[in-house]
Amino acid sequence: NIKYCIWHKKKSLEIKKNKLCYNEVKNYNNIFIYYKAISYLPFINPEYIFDIYVIIKIKSIKNNYCQFLKFLEYFYKTYLVGYDIKIWNYYNNMEHITYNASESLNNYLNNLFPTKPSFY
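What you are looking at is a predicted structure, and each value in this text was computed from that prediction instead of being measured.

**Brief notes about helix α1 (residues 6-27)**
Stage number 1. A rise of 1.5 Å per residue sets the reference length of α1, with its 22 residues, at 32 Å; its end C-alpha atoms lie only 26 Å apart and thus fall more than 12% short of the reference.
Stage number 2. Approximately 95° is the largest bend angle found in α1, and it occurs at C21.
Stage number 3. Among all positions in α1, only I6, K9, L13, K17, C21, E24 and V25 are buried.
Stage number 4. Of the surrounding elements, those touching the buried residues of α1 are α2 (29-39), α4 (66-81) and α5 (85-88).

Written out as structure tokens, the structure is:
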């Protein structure tokens, strides 16, 4: 059962956020909170994800957060429609929230054996 890596998913959201609505998120605390809520949806019960998205979208429309609405549209098309939520949701499966177990071992080994040996 292959799942999305949480780090890569959050990174892709951050890149898209910076492209579409960086200033709104930076300048308005409510939008920052909405963005964080969207980025933490992989840990929420899948039954509530769409409802949370709709609430955030309604509040964003009400407050005229135009740039953030573009980000929400991207999230909707990419993660709610484009992929099955089971691929990126970890609500009932927190064993490996990334597929980076091998990367962790690699980093550990790299730290044990530095590339430039020290003679001191």
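The rest of the description comes next.
**Section: the packing of α1 against α4**
Describing two packed helices takes the angle between their axes plus the distance from one axis to the other.
Stage number 1. Running from amino to carboxyl end, α1 crosses α4 at an angle of 160°, the nearest separation of the two axes being 8 Å. Looking at the two axes, α1 sits roughly antiparallel to α4. Remark: the crossing between α1 and α4 carries right-handed chirality. On α4, the residues touching K9, S12, L13, K16, K17, L20, C21, E24 and V25 of α1 are C66, Q67, F68, K70, F71, Y74, F75 and Y79.
Stage number 2. Its residues assigned to classes, the contact of α1 with α4 comprises ten nonpolar, two polar and five charged.

About the cut-offs
Residues numbered from 1 in each chain as written. Predicted model: local features only at pLDDT ≥ 70, side-chain atom pairs only at ≥ 80, totals over all residues. Heavy atoms only, no water. Helix = DSSP H or I, 4+ residues; strand = E, 2+ residues; numbered from the N terminus. Expected span 1.5 Å × (residues − 1). Bend = angle between axes of the 7 residues up to and from the residue. Buried < 20%, exposed > 50% of the residue type's maximum accessible area, 1.4 Å probe, protein only. Contact = heavy atoms within 4.5 Å. Axes fitted to C-alpha atoms, helices over the stretch in contact; angles between N-to-C directions. Parallel < 35°, antiparallel > 145°, perpendicular 65-115°, else oblique. Left-handed = near helix turned anticlockwise from the far one by under 90°. Nonpolar A, V, L, I, M, F, W, Y, C, P; charged D, E, K, R; others polar.

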